[in-house]
Amino acid sequence: MQAAWKPGFSSLHKADAQLVADEIASIGDSATPEQILDKARNPNTELHKCFELDNEKAADAYRLQQARQVVCHLVIKETVAENRPPIRFFFKTESGGGYQPTQIILQDQDKHQELVASVMRDLIAIRNKYKNLAEFDSVFSAIDELALGKAS
């Protein structure tokens, strides 16, 4: 099999996708993230180009990821107390620039529509990622129907 970067991600990774795939495959029948990182520490590998190995920059990037996780793990308390599926306290809309309380988004028709569009993009991405699993054909059909309904 030949390797390529997922569409839209080739600019993120400055490395040759095939060489990276070959280096990961050379680790063995399965490769853990730790093994991949260990291999990437060698500046003579293609994998090296895929990682930020400057500790200060990497630490800041990691902390930004932690900030995203903090915001995404906050839920509305009443949903938890009532044993309902938790609802996120904050969402990020495209026009908002940052995370906004769910209550504010749901009260603003434009932001609400942006959130619905974002969910639709996520559903389509899930469908595309797992489209080869026939067990989910009915779910994928429902996603397609939703997408067509939004396009009308």
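Residues numbered from 1 in each chain as written. Predicted model: local features only at pLDDT ≥ 70, side-chain atom pairs only at ≥ 80, totals over all residues. Heavy atoms only, no water.

Caption draft 1: Structural detail: the overall build of the protein chain. Helix and strand counts for the protein chain come out as seven helices and two strands. Against the compact-globule benchmark of 15 Å for 152 residues, the protein chain has a radius of gyration of 20 Å, which places it well outside the compact range. Across its three principal directions, the C-alpha atoms of the protein chain cover 55 × 40 × 30 Å. Expressed as a percentage of the 152 residues in the protein chain, the buried residues total 14%. Counting only contacts in the protein chain whose residues sit at least 6 apart along the sequence, the fraction spanning at least 24 positions is 17%. Accessible area of the protein chain: about 11,700 Å², with a carbon and sulfur share of 56%. Averaging the positions of the 18 positive and the 22 negative side-chain charges in the protein chain gives two centres separated by 4 Å. (Helix = DSSP H or I, 4+ residues; strand = E, 2+ residues; numbered from the N terminus. Rg over C-alpha atoms; globule rule 2.2 N^0.38 Å. Buried < 20%, exposed > 50% of the residue type's maximum accessible area, 1.4 Å probe, protein only. Contact = heavy atoms within 4.5 Å. Areas by Shrake-Rupley, 256 points an atom, 1.4 Å probe, with all protein chains shown as cover. Lys, Arg positive; Asp, Glu negative; His and termini not counted. Charge placed at Lys NZ, Arg CZ, Asp CG, Glu CD.)

Caption draft 2: Seen up close, the environment of Leu37. The residue Leu37 is located in helix 2 (residues 33-40) in this model. When the C-alpha positions of Leu37 and His48 are compared, they lie 8.4 Å apart, and in sequence the two are 11 residues distant. Contact partners of Leu37, with chain neighbours within four places excluded, come to Phe51 and Leu53.

Caption draft 3: Highlighting helix 1 (residues 17-25). Where helix 1 is concerned, the buried positions are Ala17, Gln18, Val20 and Glu23. For helix 1, the N-terminal capping position is held by Asp16, with its side-chain oxygen 3.0 Å away from the main-chain nitrogen of Gln18. (Polar contact = N/O pair within 3.5 Å; in protein donor to acceptor, adjacent residues only side chain to side chain.)

Caption draft 4: Examining the environment of Glu94 more closely. Looking at where Glu94 falls in the secondary structure, it is placed in the loop between strand 1 (90-92) and strand 2 (99-101). When the C-alpha positions of Glu94 and Ala117 are compared, they lie 9.9 Å apart, and in sequence the two are 23 residues distant. Filtering out sequence-adjacent residues up to four positions away, Glu94 remains in contact with Glu114 and Arg121.

Caption draft 5: Up close: a nonpolar patch on the surface. A cluster of nonpolar side chains, contributed by Ile126, Tyr130, Leu133, Phe136 and Val139, occupies part of the molecular surface with about 420 Å² of accessible area. Position of Ile126 relative to the elements: it lies in helix 6 (residues 109-130). Residue classification places Ile126 among the partly exposed positions, given a relative accessible area of 44%. (Patch = residues over 30% accessible without salt bridge, like charges linked within 9 Å, V, L, I, M, F, W, Y side chains within 5 Å. Salt bridge = Lys/Arg side-chain N within 4 Å of Asp/Glu carboxyl O.)

Caption draft 6: Here's a closer look at the side chain of Glu23. Within the secondary structure, Glu23 is located in helix 1. A polar side-chain atom of Glu23 sits 2.8 Å from the main-chain amide nitrogen of Leu47. Among all residues touching Glu23, those that are not within four sequence positions of it are Lys39, Thr45, Glu46 and Leu47.

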